Amino acid sequence: MSETKGVKKPGFFTRAKNWIVALPQRIAHAFKSMVAELKKVAWPSKKDLINYSLVVIAFVVVLAIVVGLLDTGSSSLVKKLIEL
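Please read these numbers as outputs of a predicted model, since none were measured by experiment.

Reading guide: rules and limits
Residues numbered from 1 in each chain as written. Predicted model: local features only at pLDDT ≥ 70, side-chain atom pairs only at ≥ 80, totals over all residues. Heavy atoms only, no water. Helix = DSSP H or I, 4+ residues; strand = E, 2+ residues; numbered from the N terminus. Rg over C-alpha atoms; globule rule 2.2 N^0.38 Å. Buried < 20%, exposed > 50% of the residue type's maximum accessible area, 1.4 Å probe, protein only. Lys, Arg positive; Asp, Glu negative; His and termini not counted. Charge placed at Lys NZ, Arg CZ, Asp CG, Glu CD. Expected span 1.5 Å × (residues − 1). Bend = angle between axes of the 7 residues up to and from the residue. Salt bridge = Lys/Arg side-chain N within 4 Å of Asp/Glu carboxyl O. Phe/Tyr/Trp six-rings, centres within 6.5 Å; stacked < 30°, edge-to-face > 60°. pLDDT = per-residue confidence, 0-100.

## Side note on the overall build of the protein chain
If you tally the helices and strands in the protein chain, you get 3 helices and 0 strands. Moving toward the C terminus, one meets the helices and strands of the protein chain in the order α-α-α. Rg of the C-alpha trace for the protein chain: 30 Å, well past the compact-globule value of 12 Å for 84 residues, more than 25% over. Each principal axis of the C-alpha atoms in the protein chain carries an extent, and together these give about 85 × 50 × 25 Å. Of all 84 residues assigned to the protein chain, the portion counted as buried reaches 0%. Within the protein chain, the 5 negative side-chain charges are centred at a point lying 17 Å from the centre of the 13 positive side-chain charges.

So this is what it looks like as structure tokens:
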């Protein structure tokens, strides 16, 4: 414990200066890592991309119809209840 007594932590402004000086290097490292990870990605072929897109669009249309029907049914049910 006596060994750490003599060690002085750098002050706030020194730490802030070091943080600002190292910031561009950290940002560059983040982008380099991102590019390296994107090179590892197995991108789909054009045919697969079109098929996946069509499946998503069809699912969204079906879901929109279901939600629309539920909305219409619930609003007509509320109207009937209000008329009572």
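## Points about helix α2 (residues 12-40)
If you check α2, its first and last C-alpha atoms are 40 Å apart, about what 29 residues at 1.5 Å a residue would give, namely 42 Å. The largest bend in α2 is about 40°, located at L23, with the proline P24 one to four residues further on.

## Re the pattern of salt bridges
Overall, the coordinates contain 1 salt bridge when judged by the stated rule. A salt bridge links K40 to E37; the shortest N-O distance between them is 3.3 Å. Of the two residues, K40 and E37 both sit in helix α2, 3 residues apart, roughly one turn of that helix. When its relative accessible area of 47% is taken as the criterion, E37 is described as partly exposed.

## Remarks on the packing of aromatic side chains
How two aromatic rings sit relative to each other is set out by the distance from centre to centre and by the angle between their planes. For the structure shown, the criterion picks out 1 aromatic pair. Measuring from centroid to centroid gives 5.3 Å for F12 and F13, while their planes differ by 75°, and the two rings are edge-to-face. Accessibility classification places F12 together with F13 in one group, the exposed group.

## With respect to the confidence of the model for the protein chain
Per-chain confidence: the protein chain averages 92 in pLDDT, with 95% of residues scoring 70 or above. Helix α3 (residues 46-83) holds the highest mean pLDDT among the elements of the protein chain, 97, whereas helix α1 (residues 2-5) holds the lowest, 62.

## Focus: the environment of I82
As for its placement among the helices and strands, I82 is situated in helix α3. A relative accessible area of 65% means that I82 is categorised as exposed. I82 sits 24 residues away from A58 along the chain, and the two C-alpha atoms are 36 Å apart.

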